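# Descriptive analysis of the structure
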Amino acid sequence: MDCTNYTTKRRTGQHLTFEERVIIQTRWNDGWNNNQIAKEIGCSYNCIKTEIARGMTTFYNGKVMR
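Let me begin by describing the structure that accompanies this report. On a predicted model such as this, the values are computed, not experimentally measured, just so you know.

This brings us to the packing of aromatic side chains. Remark: the centre distance and the inter-plane angle together describe each pair of aromatic rings, the angle taken between the planes. For the structure shown, the criterion picks out zero aromatic pairs. Residue placement shows Arg27 over the ring face of Trp32; its charged tip is 4.9 Å from the ring centre.

So, in structure tokens, the structure goes:
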């Protein structure tokens with residue numbers, strides 16, 4: 001089951017570290033998209049997408065603020 005074509009540096013199921021979360025936050029605020037952030041950190045696109053969705057806050061009027 002060894003595959004040499006992996007695009008990620010980490011094994012699945014590992015938690016993100018605090019430093020990686022800070023990188024995600026700063027890159028997202030700088031205007032990077034999820035694919036660019038995922039390539040820099042070495043995790044999947046869905047991992048970044050989920051982490052960003054967790055950090056969003058929904059206000060009373062239904063708008064989402066970053």
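Attention now goes to helix H2 (residues 34-41). Burial in H2 covers these residues: Asn34, Ile37, Ala38 and Ile41. For H2, the angular spread of buried residues about the axis comes to 100°, placing them on one side. Between the side-chain oxygen at the start of H2 and the backbone nitrogen of Asn35 there is a gap of 3.3 Å, and the oxygen is on Asn33. Immediately beyond the C-terminal end of H2, within one or two residues, lies Gly42, with a positive phi of roughly 95°.

On to helix H1 (residues 18-29), then. End to end, H1 covers 17 Å across 12 residues, agreeing with the expected 16 Å (1.5 Å per residue, within 8%). Gly31 sits one or two positions beyond H1 and adopts a positive phi of about 100°.

Time to look at the state of the cysteines. Taken as a whole and judged by the stated rule, the model has zero disulfides. Not engaged in a disulfide, the cysteine Cys43 finds its nearest cysteine sulfur in Cys47; these two sulfurs lie 4.0 Å apart. Owing to a relative accessible area of 25%, Cys47 belongs among the partly exposed residues under this scheme.

Okay, the pattern of salt bridges next. Evaluation of the coordinates by the stated rule reveals three salt bridges. Of the charged contacts, one joins Glu51 and Arg21 as a salt bridge, the two residues approaching to 2.9 Å between their closest N and O atoms. Residue Glu51 is located in helix H3 (residues 45-55), and its partner Arg21 is located in helix H1; the two are separated by 30 residues in the primary sequence. Residue Glu51 is classed as buried on the basis of its relative accessible area of 17%. Here Arg21 falls in the partly exposed class, since its relative accessible area comes to 34%. Among the salt bridges present, the one from Glu51 reaches Arg54, with a minimum N-O distance of 3.4 Å. Of this pair, Glu51 and Arg54 both sit in helix H3, three residues apart, roughly one helical turn. When its relative accessible area of 61% is taken as the criterion, Arg54 is described as exposed. Linked by salt bridges that have partners in common, Arg21, Glu51 and Arg54 make up one network.

Here is what the cut-offs are and how they apply
- Residues numbered from 1 in each chain as written.
- Predicted model: local features only at pLDDT ≥ 70, side-chain atom pairs only at ≥ 80, totals over all residues.
- Heavy atoms only, no water.
- Phe/Tyr/Trp six-rings, centres within 6.5 Å; stacked < 30°, edge-to-face > 60°.
- Lys NZ or Arg CZ within 6 Å of the ring centre and 35° of its normal.
- Buried < 20%, exposed > 50% of the residue type's maximum accessible area, 1.4 Å probe, protein only.
- Helix = DSSP H or I, 4+ residues; strand = E, 2+ residues; numbered from the N terminus.
- Arc of directions from axis to C-beta.
- Polar contact = N/O pair within 3.5 Å; in protein donor to acceptor, adjacent residues only side chain to side chain.
- Expected span 1.5 Å × (residues − 1).
- Disulfide = S-S within 2.5 Å.
- Salt bridge = Lys/Arg side-chain N within 4 Å of Asp/Glu carboxyl O.

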